[in-house]
Amino acid sequence: MQPQTLKFKLVLYLTLALTVAMLLFTGAVAFFLYNQILGKVSDHVMQLSEVISKSTRFAMLQNEPAYVDQIIHDVAHEEKIDRVRILSQDGRITHSTYAPEIGRTVDRNVEACSRCHESEKPLEQVPRNERTWTFQGADGKSLLGSMEVIRNEPSCYNAACHQHKKETSVLGVLDINYSLDEIDSKLRTSTLDIAGFSLGFIALASLAIGYFVHHLVYLPLRDLEGGAQRLSAGNLDQPIPVRSDDEFGKLACSFNSMTNALRNSRAELRDLAYTLEQKVERRTQELQRAQAQTVRGEKLASVGLLASGVAHELNNPLTGILTFSHLLRRKMPDTSPDAEDMDLVIRETKRCAAIIKRLLDFAREKQPEKKFNDINQIIEDTVRIVERPAHLRNIDITMALDRKLPLIWIDADQIKQVIMNMIVNAQHAVEEKGSITISTRRAAEPRSSTQSAEPVPMVEISIVDTGCGIPEKNLRRIFDPFFTSKEVGKGTGLGLSVSHGIVEAHGGIIEVQSKVGEGTTFSVFLPLTPPAAGIESKPSGSL
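Keep in mind it's a predicted model, so treat the numbers as computed, not measured. (Residues numbered from 1 in each chain as written. Predicted model: local features only at pLDDT ≥ 70, side-chain atom pairs only at ≥ 80, totals over all residues. Heavy atoms only, no water.)

(A) Region of the structure containing the overall build of the protein. Scanning the protein for helices and strands turns up 11 helices and 12 strands. Of all 543 residues assigned to the protein, the portion counted as buried reaches 34%. In the protein, of all internal contacts separated by at least 6 residues, the share reaching a separation of at least 24 is 64%. Within the structure as shown, the protein displays about 34,200 Å² of accessible surface, and the carbon and sulfur contribution to it stands at 57%. (Helix = DSSP H or I, 4+ residues; strand = E, 2+ residues; numbered from the N terminus. Buried < 20%, exposed > 50% of the residue type's maximum accessible area, 1.4 Å probe, protein only. Contact = heavy atoms within 4.5 Å. Areas by Shrake-Rupley, 256 points an atom, 1.4 Å probe, with all protein chains shown as cover.)

See below:
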């Protein structure tokens, strides 16, 4: 197969997709098997703990430590246990299958002890699911730890050989370390077997897909290609073979019908020369309509290709950022400052995705999704994103917000985009050691977005910077698409144009005042009430 052919691409992409799916499936199965096996081993080890505890009970009542040692050594040998030891109430190892550690005192801060000694008073009851844990031994082996509490029962504190008081509830702990090497080896073997079967399935599936693609897609396309070449050479006598009743078969039938029509037309032109002018005119009109449709189709295809390219190139990294942000957020406590910052990252990533969608929908002139929002909160959220890079450049951002402003009828994401564009432009104008002041207030008098519209009460948002200013000759062009005075690579000239369109869609206006060397003031006016405010429903407690 040639790398440029459709058959090669389909087989390659489907094989890659199947490979990724099988790898994910193998990982999920391995994880499930490991948890299942580990649960069974945990139950087995806890049963062994209970058996050892009950088996050594009589020897302890008879004060026969040698019998206790013999029992734990026999069980450890038969069950392939790495280590069994008994600890006294004060943490001293009294019995162990590993002789050098007998008599040592265990640190309470190790994982096996910290579960019961998190507080001053040790726990008397430990949940069953917390009696086992996995860890790495000193030699690097994977081990499963288990503990069984040895309680002071009446048969113990009433025995003549013991001096335990009745008030003492716990006499010690039985600790077992079970080796997981055999389980890990079997799991690796099972995983490799599953992976092998998966690769075999992928190979068979790829061959089957290649076979079906060859017969169902490649051969009909090759027939169409040959027919088109013959048609271009003027051969109208050989039809295209119809191999099936599907879409390719219907296309072949249509092509043959077109060939027959062309052949009949040529015969008619040869036999009926006197009607040539009328037929040429009719055919010309048909061709013109077909050409117009083709041109429109090509335009739509170009727009669709551009849109899909933008969506693919931008949405994929945004999806990755959003996925890993969610994973990191789940690991953070809800009340931590890092959690708040991560929530902000997630919200802004979603807003970026919404911005991309609006850019792709620009040609359809999608209307804003408006509802009542707090403009001060939108400004604070936006400033919070840009204030850190601004501080790194010694730019002070000050907010003077009127807290008495009511909720206004806007699309929060679009207005946040407008505020963001204004603040970023202000930062670029200031460059180093300057200030940006953002303020909100009721407009001094009603304003109208167009000359024919009635003046309405509006909210005024002002962004004032101490930057380089805008030359007077550029003030009339700053809202034109792709117009920018920045250096190549530092701006597209779309920020203010898009912002202007968003504000106009909200029934508002943007004004700008600037002096070179002193700074610039952008004023955004938005209506306080939506159109037909008396008809539209309002949320309870707003306005």
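(B) Region of the structure containing the pairing of strand E2 (residues 93-96). Pairing of strand E1 (residues 81-88) with E2 involves three bridges; the strand directions are antiparallel. Looking at E2, one finds that Ile-86 is bridged to His-95. Between E1 and the antiparallel strand that follows it, E2, lie four residues; Gly-91 among them carries a positive phi value of about 90°. (Pairing = 2+ DSSP bridges.)

(C) Focus on the sheet that holds strand E7 (residues 395-400). Spatial strand order, E7-E9-E10-E12-E11: five strands in an open sheet with mixed pairing. Edge positions in the sheet fall to E7 and strand E11 (509-515), since each has one partner strand and no second. Looking at each pair of strands side by side, their axes are set apart by 15° on average, direction ignored. Where strand E9 (residues 434-442) lies against strand E10 (residues 458-465), seven bridges are found, and the strand directions are antiparallel. In the strand pairing of E10, Ile-436 is matched with Asp-465. Against the sheet, helix H10 (residues 412-430) engages E7, E9, E10, E11 and strand E12 (519-527), with an angle of about 150° to E9. (Axes fitted to C-alpha atoms, helices over the stretch in contact; angles between N-to-C directions.)

(D) Representation of the packing of aromatic side chains within the structure. Under the criterion given, the structure shown has one aromatic pair. When the ring of Phe-372 is compared with that of Trp-409, the centres are 4.9 Å apart and the planes differ by 70°; the resulting orientation is edge-to-face. Placement of Phe-372 in strand E6 (residues 371-373) and of Trp-409 in strand E8 (residues 408-410) is noted, with a sequence separation of 37 residues between them. Among the residues examined, Phe-372 registers a relative accessible area of 12% and is labelled buried. Its guanidinium or amino end placed over the ring of Phe-525, Arg-447 lies 4.3 Å from that ring's centre, counting from NZ or CZ. (Phe/Tyr/Trp six-rings, centres within 6.5 Å; stacked < 30°, edge-to-face > 60°. Lys NZ or Arg CZ within 6 Å of the ring centre and 35° of its normal.)

(E) The packing of helix H5 (residues 181-232) against helix H6 (residues 247-271), seen in detail. Across the interface, H5 lies against H6 with an axial gap of 10 Å and an inter-helix angle of 10°. For the element pair H5 / H6, the angle class is roughly parallel. Along the contact surface, H5 presents Leu-216, Val-217, Pro-220, Leu-221, Leu-224, Gly-227, Ala-228 and Leu-231, while H6 presents Phe-248, Leu-251, Ala-252, Phe-255, Met-258 and Leu-262. Taken together, the residues of the contact of H5 with H6 sort by class into 13 nonpolar, one polar and no charged. (Parallel < 35°, antiparallel > 145°, perpendicular 65-115°, else oblique. Nonpolar A, V, L, I, M, F, W, Y, C, P; charged D, E, K, R; others polar.)

(F) Focus on the pattern of salt bridges. Under the defined criterion, the tally for this structure stands at eight salt bridges. Here Asp-341 and Arg-384 are joined by a salt bridge, their closest N and O atoms 3.1 Å apart. Here Arg-384 lies in helix H9 (residues 375-392) and Asp-341 lies in helix H8 (residues 337-360), a separation of 43 residues in the sequence. The class of Arg-384 is partly exposed, set by a relative accessible area of 30%. Between Glu-380 and Arg-403 there is a salt bridge, with its nearest N and O atoms 2.5 Å apart. Separated by 23 residues along the polypeptide, Glu-380 in helix H9 and Arg-403 in the loop between E7 and E8 bring together distant segments of the chain. With a relative accessible area of 22%, Glu-380 lands in the partly exposed category. Shared partners join several salt bridges into a network, and the residues in it are Arg-329, Asp-334 and Asp-343. (Salt bridge = Lys/Arg side-chain N within 4 Å of Asp/Glu carboxyl O.)

(G) Local environment of the pairing of E9. Sheet analysis places E7 next to E9, joined by six bridges and oriented parallel. Bridge pairing links Ile-397 to Ile-436 in E9.

(H) Quick look at unusual backbone geometry. The phi dihedral of Asn-394 falls on the positive side, at around 60°, and the residue is not glycine. In this structure, Asn-394 sits in the loop between H9 and E7. For Asn-394, a relative accessible area of 43% gives the class partly exposed.

(I) Just the side chain of Asp-465, in detail. By the secondary structure assignment, Asp-465 is in strand E10. Its relative accessible area of 5% is what places Asp-465 among the buried residues. A polar contact is formed between the side chain of Asp-465 and the backbone nitrogen of Gly-467, at a distance of 2.9 Å. Here Asp-465 is in contact with Ala-426, Ala-429, Val-430, Ser-435, Ile-436, Glu-518, Gly-519 and Thr-520, once residues within four sequence places are set aside. (Polar contact = N/O pair within 3.5 Å; in protein donor to acceptor, adjacent residues only side chain to side chain.)

(J) Examining a nonpolar patch on the surface more closely. Residues Leu-12, Tyr-13 and Leu-16 make up a contiguous nonpolar surface patch of roughly 300 Å² in combined accessible area. When you line up the elements, Leu-12 lands in helix H1 (residues 6-61). Note on Leu-12: relative accessible area 33%, which makes it partly exposed. (Patch = residues over 30% accessible without salt bridge, like charges linked within 9 Å, V, L, I, M, F, W, Y side chains within 5 Å.)

(K) Structural detail: H5. Helix length check: H5 (52 residues) gives 72 Å between terminal C-alpha atoms against 76 Å at 1.5 Å per residue, within 8%. At His-214, H5 shows its maximal kink, close to 40°. Gly-234 sits one or two positions beyond H5 and adopts a positive phi of about 95°. (Expected span 1.5 Å × (residues − 1). Bend = angle between axes of the 7 residues up to and from the residue.)

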